[in-house]
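Chains, contacts and geometry: an overview
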Amino acid sequence: MDWKGLSKERIELALPLLIVKGSRGFLACGYVDVETCNKTGEACAIVRGVKSHEDMLGADVQAVSREAENLGVRPGMKGRDALEIFR
């Protein structure tokens, strides 16, 4: 994966809180709530059951905010594909 144009964040909690942010939106683990992103107008996609940024790439998107949906991100697509849209 070419991570250029993407920033990765990892916060150590009981399970890691993971975020990969592009210029148009971000991919996050299940710690992030889509409804909050809907309230703030942010494009986000959620993957679950991941423990690293690399795991996020092959994971299926479980939930998306309205703004992410407007960009073409859909549940069921791979995290890698969502990141290309968010890049």
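This text gives an overview of the structure that appears in the document.

Analysis parameters
- Residues numbered from 1 in each chain as written.
- Predicted model: local features only at pLDDT ≥ 70, side-chain atom pairs only at ≥ 80, totals over all residues.
- Heavy atoms only, no water.
- Disulfide = S-S within 2.5 Å.
- Buried < 20%, exposed > 50% of the residue type's maximum accessible area, 1.4 Å probe, protein only.
- Helix = DSSP H or I, 4+ residues; strand = E, 2+ residues; numbered from the N terminus.
- Contact = heavy atoms within 4.5 Å.
- Patch = residues over 30% accessible without salt bridge, like charges linked within 9 Å, V, L, I, M, F, W, Y side chains within 5 Å.
- Areas by Shrake-Rupley, 256 points an atom, 1.4 Å probe, with all protein chains shown as cover.
- Salt bridge = Lys/Arg side-chain N within 4 Å of Asp/Glu carboxyl O.
- Core = buried A, V, L, I, M, F, W, Y, C linked by side-chain atoms within 4.5 Å.
- Right-handed = clockwise from strand over helix to strand, strands pointing away.
- Pairing = 2+ DSSP bridges.

1. Things to note about the state of the cysteines
- Enumeration over the complete set of coordinates arrives at zero disulfides.
- Cys44 provides the cysteine sulfur closest to Cys37, a residue in no disulfide bond, and the two sulfurs are 3.1 Å apart.
- Residue Cys37 is classed as buried on the basis of its relative accessible area, which comes to 4%.
- The buried category is assigned to Cys44, whose relative accessible area is 0%.

2. A look at the environment of Met56
- Mapping Met56 onto the fold places it in helix H2 (residues 53-58).
- Those residues within four positions of Met56 in sequence are excluded, and the remaining contacts are Leu18, Val20, Leu27, Ala28, Cys29, Val47, Val50, Gly79 and Arg80.

3. Thoughts on a nonpolar patch on the surface
- On the surface, Ile11, Leu13, Leu15 and Tyr31 cluster together to form a nonpolar patch covering roughly 390 Å² of accessible area.
- For Leu15, the position within the fold is in the loop between strand E1 (7-11) and strand E2 (17-21).
- The class for Leu15 is partly exposed, based on a relative accessible area of 48%.

4. Concerning the nonpolar core
- Residues Ala45 and Val73 are the most contacted members of the largest nonpolar core, which totals 23 residues.
- Elements supplying a minimum of two residues to this core: E2, strand E4 (44-47), H2, strand E5 (61-64) and helix H4 (79-86).
- Examining the composition of this core, we find that four residues originate from one element, H4, more than from any other.
- Ala28, Val32, Cys44 and Ile46 belong to the second-largest nonpolar core, a separate cluster that totals eight residues.

5. As for the pairing of E4
- Taking every second residue as pointing to the same face, both faces of E4 are buried, with Cys44 and Ile46 on one and Ala45 and Val47 on the other.
- Regarding the hand of the β-α-β motif, the stretch spanning strand E3 (residues 26-28), helix H1 (residues 34-40) and E4 is right-handed.
- Of the pairings in the sheet, the one linking E4 to E5 comprises three bridges and is antiparallel in character. In the strand pairing of E5, Ile46 is matched with Ala63.

Everything listed here is a matter of geometry and, on its own, says nothing about what the molecule does.
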